[in-house]
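Descriptive structure summary
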Amino acid sequence: MNISRLLSNSHFPLVPPHIRLPLVWTRGLAAHHSNDLHLPIPTEASSILATKLVTSYFHRGRLEQARKLFDEIPNRDVVLWTAMISGYTSRGLYSNAWAVFCQMTSQGMDPNEFTISSVLKACKGMESCSCGLMVHGLALKHGLDGCIYVENTLMDMYATCCPSMDDAYMVFRHIREKNAVSWTTMITGYTHRGDVYGGLQVFRRMIQEGVDLNPFSCSIAIRACASIGIPSFGKQMHVMVIKCGFDFNLPVANSLLDMYCRCNSLSEAKRYFHEIPQKDLITWNTLIAGYEKSGSDWSLNLFLHMLSEGLSPNCFTFTSVIAACANLALLNCGEQIHGGIFQRGLQGNLPLDNALIDMYAKCGCVDDSRRIFDEMPQRDLVSWTSMMMGYGTHGYGKEAIGLFNKMLDSGIRPDQIVFMGVLSACSHAGLVSEGLNYFNSMATNYHVTPNQEIYGCVVDLLGRAGRIKEAYQLIEAMPFKPDVSVWSALLGACKAHGDSNLGRLAAQKILSLRPNGADTYVILSNIYAADGKWGEFAKVRKLMRGIGCKKEAGVSWIEVGNQVYSFVVGDKVGSHIEMVYRGLEMLVQHMKEVGNDLDSDCLLHLLEDES
DNA sequence: GTACCTATAC
């Protein structure tokens, strides 16, 4: 590179026209670029140029050139050192930034407030509280701790790297003139570590002290309200945001929309969605995800609407709509969307691949799930768990166990959800002793403490195998008060194996925890019916009518061609009903042929309205 | 010539 050409290049506006370069320096820089070393003698002007060059190199990602130039300059001043530290920090190379800082101090160069804030950002990036503490000490020694930049970065470093917010709060308390950054840093410090109420308290104090709000602090606070799930908090935020005039700032609007979805106020979400004048992809994705989580097939309608508006879906969109297909068991639709994912080259996105595994498994195509699983460039705990769950629900217990062992070999540590996957797979495949072995070794071998849901899985494991008394003993020996899921597992087992005594007990426990649970009454009455206790059966049904609880009709649906047909028990309406009954007859015939015992009780309820 | 927080969707 020719330095004079460089300086005359209008695309390189680094050197102001009033700076005249010393000849020797120009020669030196030229030598730098031609690898012919003649070190320049720096002057103040040349130091400014060097700093500008270093900053520009970092900005354009030419890190090696920045380093080479820096290394060749003999008497670097503090600004140049700082440019180097901040350059590395801006590129995420925090250890390099730290190394330059150490080199600088060891050479006796004193830092200024710019250096301290830059290197503190590197400490934050390294998540090193000890390095941060050293820098804090140095800042105090040089009297730089009163600068707002230093105070804000100190706070951020402590908030990110320390186990508690105490140190960050200490710095915050001592800031005389807090600015918007100080407040935002404090709020995100709390919310990023999951202390939502802590963050909201700081936000409230910000309002009380009359600090000007900005869209950033508002969207963070709205997110906090969404994660609490209390609609009244969110409503207050909405009112406040309107007062500030931020209600149609897109990130603020999107976080409000998300808040309504997470607070289960879907109608509010829908209304607000239509009010937002200019929507972006995130706006659409947020509402699609909201509908999907609530189990509504409107997520798919909205997806089509979005496409018709000419928007291009991304990984977030596809993850939601694939999840919708999974939960509605719409294989045909899921496959078409998978085609769209392929077309756009989005396969390989981790959450999306995980959703695809789940979708194919829930649509009955566990082999396709496995294919996706095998082709994934990377896998996380969710990938392994989804695949195991897929195997489990299809009765492939051995495959699930094989996968669990493979997961351990790959160095991933299991959590409670993985154990739920393995245990439920064992349960569905009748692998009782294997399941019990896993349960008994969870805490000792894998340091995972069983929770209520795990106990529920083991009760289910024993119960399905007909070992109902042992299941009950396990419930009695549980280290915590059994919840509805545990008793429900026992009740299910009692229904399957006709144990009306324990069934009554389980039902009573469930009703004491969740009164008016119509499904519990129905199962209990069915247990009595199967046991021939018709008097008890009648009593339960009468009790149900007396308290006015009515079981919601269970809806089934089937996808034929491009159409989804839904039907309820005893359905006689609709042109497709005849086809449904014909399908049912075919299934019954097939079950007889393969030697499956028909549960006559079950069949009876398929044909008659039980509610 | 060098510095702080910065939000929303899986």
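All values reported here derive from a predicted model rather than from experimental measurement.

Examining the UniProt feature "repeat: PPR" (unreviewed entry) in chain A
UniProt records the feature "repeat: PPR" (unreviewed entry) for residues 77-111, 179-213, 249-283, 349-379 and 380-414 in the present numbering. For residues 249-283, the end-to-end C-alpha separation is 12 Å, with 74% helix and 0% strand making up the annotated structure. Between the first and last C-alpha atoms of residues 380-414 the distance is 11 Å; the span itself is 74% helix and 0% strand.

Some points on the nonpolar core
Among the nonpolar cores identified, the biggest contains 170 residues, and Phe203, Ile337, Met388, Phe404 and Leu490 are the most heavily contacted of them. If sequence neighbours within four positions are ignored, leucine 490 has contacts with Val459, Ile468, Ala471, Tyr472, Ile475 and Ala506.

Regarding the protein's contact with DNA strand B
Near DNA strand B, the surroundings consist of 45 residues, among which Asp77, Asn152, Phe216, Asn254 and Phe316 are the closest. Within the side chain of arginine 223, one N or O atom sits 3.3 Å away from a phosphate oxygen of DNA strand B. The separation between a phosphate oxygen of DNA strand B and a polar side-chain atom of arginine 262 is 3.5 Å. When residues of the surface near DNA strand B are assigned to their parent elements, the largest contribution, 6 residues, is made by helix α7 (residues 113-126). Considered class by class, the residues forming the surface near DNA strand B number 15 nonpolar, 20 polar and 10 charged.

A word on the packing of aromatic side chains
For the structure on display, the rule yields 17 aromatic pairs. Taking the centre distance of 5.1 Å and the plane angle of 70 degrees together, the rings of phenylalanine 58 and tyrosine 88 count as edge-to-face. Taken together, the residues span a long stretch of sequence, with phenylalanine 58 in helix α3 (residues 44-59) and tyrosine 88 in helix α5 (residues 78-90) at a distance of 30 residues. For the residue pair phenylalanine 58 and tyrosine 88, the accessibility class agrees, reading buried in each case. Judged by centre distance (6.2 Å) and plane angle (35 degrees), the ring pair of tyrosine 169 and phenylalanine 172 falls under tilted. Here tyrosine 169 and its partner phenylalanine 172 are both found in helix α10 (residues 166-174), 3 residues apart, which amounts to about one turn of the helix. On the basis of relative accessibility, which here comes to 30%, the residue tyrosine 169 falls in the partly exposed class. Each residue in the set Phe404, Phe419, Tyr438 and Tyr446 is aromatic and connected to the rest through ring pairs, giving one cluster.

Some thoughts on unusual backbone geometry
Although it is not a glycine, asparagine 264 sits at a positive phi angle of roughly 60 degrees. Locating asparagine 264 in the fold gives a position in the loop between α15 (250-262) and α16 (266-275). One non-glycine residue, alanine 329, adopts positive backbone phi at about 55 degrees. Along the chain, the position of alanine 329 falls in the loop between α19 (315-328) and α20 (331-343).

Here we look at helix α21 (residues 350-362)
Over its 13 residues, α21 extends 18 Å from the first C-alpha to the last, a length consistent with the 18 Å expected when each residue adds 1.5 Å. Within α21, 10 of the 13 residues are buried, leaving the element largely enclosed by the surrounding structure. Buried residues of α21: Leu350, Leu352, Asp353, Asn354, Ala355, Leu356, Ile357, Met359, Tyr360 and Ala361, and no others. Of the surrounding elements, those touching the buried residues of α21 are α19, α20, α22 (366-375) and α23 (381-393). Among the residues of α21, the N-terminal cap falls to asparagine 349, whose side-chain oxygen and the backbone nitrogen of leucine 352 are separated by 3.1 Å. Glycine 364 sits one or two residues past α21 and shows a positive phi near 90 degrees.

Points about the packing of α10 against helix α11 (residues 180-192)
Two numbers describe how α10 lies on α11: the axes approach to 11 Å, and their chain directions differ by 160 degrees. It follows that α10 is roughly antiparallel to α11 by the angle criterion. Pair α10 / α11 crosses with left-handed handedness. When α10 is examined against α11, the residues Ala168, Tyr169 and Phe172 are found in contact with a partner set consisting of Ser182, Trp183, Met186 and Tyr190. Here the contact of α10 with α11 is composed, by residue class, of 6 nonpolar, 1 polar and no charged.

Quick look at the packing of helix α30 (residues 500-513) against helix α31 (residues 518-530)
The relative placement of two packed helices is expressed as an angle between their axes plus a distance between the axes. Close contact between α30 and α31 brings their axes to 10 Å; oriented N to C, the two are set at 170 degrees. It follows that α30 is roughly antiparallel to α31 by the angle criterion. Of the residues in α31, those in contact with Ser500, Gly503, Arg504, Ala507, Ile510 and Leu511 of α30 are Thr520, Tyr521, Leu524, Ile527 and Tyr528. Within the contact of α30 with α31, the residues separate by chemical class into 7 nonpolar, 3 polar and 1 charged.

A closer look at the confidence of the model for chain A
Per-residue confidence for chain A gives a mean pLDDT of 87; residues scoring 70 or more make up 88%. In this model, residues 33-39 is a region of pLDDT below 50 whose contacts with residues beyond four sequence positions or in other chains number 9 contacts. Confidence drops under pLDDT 50 across residues 602-611; counting only partners more than four residues distant or on other chains, this segment forms 19 contacts.

Each value, and the rule that gives it
- Position numbers for residues start from 1 in each chain and track the written sequence from start to end.
- Chain labels run from A onward and ligand labels from 1 onward, assigned in the order the entries are written.
- Only residues with pLDDT of at least 70 are given local features in this predicted model, and only at 80 or more are side-chain atom pairs given and counted; all residues enter the totals for whole chains, interfaces and linings.
- Side-chain measures were taken over the full set of non-hydrogen atoms in the model, leaving aside hydrogen atoms and water.
- UniProt positions are given in the numbering used here, feature names are shortened, and annotations may be inferred rather than shown by experiment.
- Strands are runs of DSSP state E lasting at least 2 residues, helices are runs of H or I lasting at least 4, and numbering of each runs from the N terminus.
- Nonpolar cores were defined as sets of buried Ala, Val, Leu, Ile, Met, Phe, Trp, Tyr and Cys residues, with membership established by side-chain atoms within 4.5 Å.
- Each residue is assigned to one of three classes by its accessible area relative to the maximum for its type, calculated with a 1.4 Å probe on protein chains only: buried under 20%, partly exposed between the two thresholds, exposed over 50%.
- Whether two residues are in contact is decided by their heavy atoms, any of which lying within 4.5 Å being enough.
- Definition of nearness: a residue and a molecule or strand are near each other if at least one heavy atom of the residue lies within 4 Å of the molecule or strand.
- In the analysis that follows, any N or O atom pair within 3.5 Å is treated as a polar contact, provided that within protein one partner can donate a hydrogen and the other can accept it, and provided that, for residues neighboring in sequence, both atoms belong to side chains.
- Residues were grouped as follows: Ala, Val, Leu, Ile, Met, Phe, Trp, Tyr, Cys and Pro as nonpolar; Asp, Glu, Lys and Arg as charged; and all remaining residues, including Gly, as polar.
- Only the six-membered ring of Trp is used, alongside the rings of Phe and Tyr, when aromatic pairs are assigned; centres must lie within 6.5 Å, and planes under 30 degrees apart are stacked while those over 60 apart are edge-to-face, with the rest tilted.
- Expected span of a helix: the number of residues minus one, times 1.5 Å.
- The convention used is that axes are lines fitted to C-alpha atoms, helices contributing only their stretch in contact, and that angles between N-to-C directions extend from 0 to 180 degrees.
- Just so you know how the angles are binned, under 35 degrees is roughly parallel, over 145 roughly antiparallel, 65 to 115 roughly perpendicular, and the rest oblique.
- Should the near helix be turned anticlockwise from the far one by less than a right angle, the crossing is left-handed, and should it be turned clockwise, the crossing is right-handed.
- The pLDDT value tells you how sure the predictor is about a given residue, anywhere from 0 up to 100.

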